[in-house]
Amino acid sequence: MSMDAMEALLTARRLTEGVTPLKTDCGRACAHACCQPDETGRGGMLLFPGEEQLYRGLAGYRITPYTALEIPALLLTCEGQCVRTERPLSCRIFPLLPKYKDGSVRVVRDRRGFEVCPLLPSGLGAFRPEFVEAVRSAGEVLYQSEAHRNFLDQLHKLIAGFVL
Ligand code: SF4
Ligand code: SF4
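First, a word on scope: everything that follows refers to the structure included in this document.

Quick look at the site of ligand 2
Close to ligand 2 lie C34, C35, C78, G80, Q81, C82, R87, P88 and C91. Classifying every residue of the shell around ligand 2 gives six nonpolar, two polar and one charged.

Some points on the site of ligand 1
Close to ligand 1 lie C26, G27, C30, C34, F94, P95, V116, C117, P118 and L119. Looking at side-chain class alone, the shell around ligand 1 contains nine nonpolar, one polar and no charged residues.

Details of the nonpolar core
The biggest cluster of nonpolar side chains holds 32 residues, and the ones touching the most others in it are L46, F48, L89, L96, F127, F151 and L155. Those elements giving two or more residues to this core turn out to be α1 (5-15), β1 (45-46), β3 (73-77), α3 (89-93), β4 (96-101), β5 (104-109), α4 (129-142) and α5 (146-159). Examining the composition of this core, we find that six residues originate from one element, α4, more than from any other. Excluding anything up to four places from it in sequence, F127 contacts P21, L22, P95, L96, L119, L120 and V132.

Side note on the side chain of Q154
Counting through the fold element by element, Q154 comes out in helix α5. Look at Q154 and you get buried, because its relative accessible area is 17%. With residues near it in sequence (within four places) discarded, Q154 still touches L69, E70 and I71.

Points about the pairing of β3
With four of five residues buried, β3 lies mostly within the body of the structure. Pairing between β1 and β3: two bridges, direction antiparallel. Within β3, the residue paired with L46 across the bridge is L75. Relative to β3, strand β2 (residues 62-66) runs antiparallel, the two being bridged by five bridges. Its bridge partner lying in β3, Y66 is registered against A73.

So, how was this worked out
Residues numbered from 1 in each chain as written. Chains lettered and ligands numbered in written order. Predicted model: local features only at pLDDT ≥ 70, side-chain atom pairs only at ≥ 80, totals over all residues. Heavy atoms only, no water. Near = heavy atom within 4 Å. Nonpolar A, V, L, I, M, F, W, Y, C, P; charged D, E, K, R; others polar. Core = buried A, V, L, I, M, F, W, Y, C linked by side-chain atoms within 4.5 Å. Buried < 20%, exposed > 50% of the residue type's maximum accessible area, 1.4 Å probe, protein only. Helix = DSSP H or I, 4+ residues; strand = E, 2+ residues; numbered from the N terminus. Contact = heavy atoms within 4.5 Å. Pairing = 2+ DSSP bridges.

What follows is the structure, given as structure tokens:
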């Protein structure tokens, strides 16, 4: 049975709310590289299906269409600082991603993150086990929703083409 997309999203956001990639502030070494806009000033984070509804009326965000996926998607652009409770799911799980493979949900490194995140080359062992587990648990829930499953499938298809 497919889980309601919003219920799955809210659960996944809750599961990843308080956990950070490292015990210490991982942004200290990289000056929060993943929160800085790219050289075009755009950057942005992909929203999970329905997540745009949570940003209605919130100041400091812009939502624009993202056309590189084979399904309609939206990109959230921020001002490089945000309240933790407002962080989109993509930011909460960055630079990892859940991936359904061979009957179970695993956690993989997000190839899109290699350019910015100094932790990624060291492998999953560079991250707090609690963080990896939170990303996996969020994935367990997301993959029960058809909308999020499609989104993640499309996303993995896209980033498989990224060269490391
Ligand atoms: S780029 Fe990596 S190390 Fe830096 S803040 Fe983001 S997740 Fe942490
Ligand atoms: S929404 Fe917040 S966590 Fe995400 S990139 Fe912007 S400032 Fe960083």
